[in-house]
Amino acid sequence: MRVRVHKIDREFEEQVVIECHEIRTEIADIVTYIKSKGNTLPVYEEDKEYKVPVRDIYYLESVDNHVYVYLKKNVYELKMKLYEFEELYGRYEFVRCSKSVIVNLLKINHLKPALNSRFTAHLINGEEVIISRQYASSFRKKIKKAGSAS
């Protein structure tokens, strides 16, 4: 596959054009990835609303009917349920790793086995997230898919 990048003046809108014989899985994955890069998510800290790029999210955690979004250094509240986020962004680089946590695969530095068929995901900001036994299989499949797409 040939890739071509063409620089344009600022008065023109940036765009990505994919010319293909058919829309294969690889092409659909590229489209999904590109679309995810411009997405922002409204998050809250006390009474203030912020827009954070989805790509900056390390993980999300549900605690006592609240969903928290963890960035490199900050934590915000998200006004949607964990499953709603998963439905919207699960096809991107996010994967559920326990009943209450979704992690961004692109923010994982390395994985280590833990007790009882669990894993620990060590994130690039130094935090750790447990991948529970119930989600370990689907987690591995998503990592393999992500690894084969790159």
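Residues numbered from 1 in each chain as written. Predicted model: local features only at pLDDT ≥ 70, side-chain atom pairs only at ≥ 80, totals over all residues. Heavy atoms only, no water.

**A word on the pattern of salt bridges**
Part 1: All told, the structure shown has 3 salt bridges when counted by the stated rule.
Part 2: For K51, the salt bridge goes to E49, with nearest N and O atoms at 3.8 Å.
Part 3: Overall, E49 belongs to the partly exposed group, its relative accessible area being 44%.
Part 4: For the salt bridge of E86 with R96, the shortest nitrogen-to-oxygen distance reads 2.9 Å. Separated by 10 residues along the polypeptide, E86 in helix α2 (residues 82-89) and R96 in strand β6 (residues 94-98) bring together distant segments of the chain.
Part 5: Residue E86 is classed as partly exposed on the basis of its relative accessible area, which comes to 31%. (Salt bridge = Lys/Arg side-chain N within 4 Å of Asp/Glu carboxyl O. Buried < 20%, exposed > 50% of the residue type's maximum accessible area, 1.4 Å probe, protein only. Helix = DSSP H or I, 4+ residues; strand = E, 2+ residues; numbered from the N terminus.)

**Concerning α2**
Part 1: Three or more residues of α2 are buried, namely L82, F85 and Y89. Down the axis, α2 shows its buried residues gathered within 60° of arc, on one side only.
Part 2: Next to the buried residues of α2 lie β1 (40-45), β3 (59-63), β4 (66-70), β5 (75-78), β6 and β7 (101-104). (Arc of directions from axis to C-beta. Contact = heavy atoms within 4.5 Å.)

**Points about the packing of aromatic side chains**
Where two aromatic rings form a pair, the distance of their centres and the angle of their planes describe that pair.
Part 1: As enumerated under the stated definition, the model contains 4 aromatic pairs in all.
Part 2: A ring pair is formed by Y59 and Y70, whose centres lie 4.2 Å apart and whose planes are at 5°; its orientation type is stacked. With Y59 in strand β3 and Y70 in strand β4, the pair connects residues that are 11 residues apart, well separated along the chain. As far as the burial class goes, Y59 and Y70 line up, both buried.
Part 3: Members of the aromatic cluster, each reached through a chain of ring pairs, are F85, Y89 and F94.
Part 4: For K79, the ring lying beneath its charged end belongs to Y44, and the centroid distance is 5.0 Å.
Part 5: In this arrangement the basic side chain of K107 is found over the ring face of Y58, its NZ or CZ atom lying 5.0 Å from the centre. (Phe/Tyr/Trp six-rings, centres within 6.5 Å; stacked < 30°, edge-to-face > 60°. Lys NZ or Arg CZ within 6 Å of the ring centre and 35° of its normal.)

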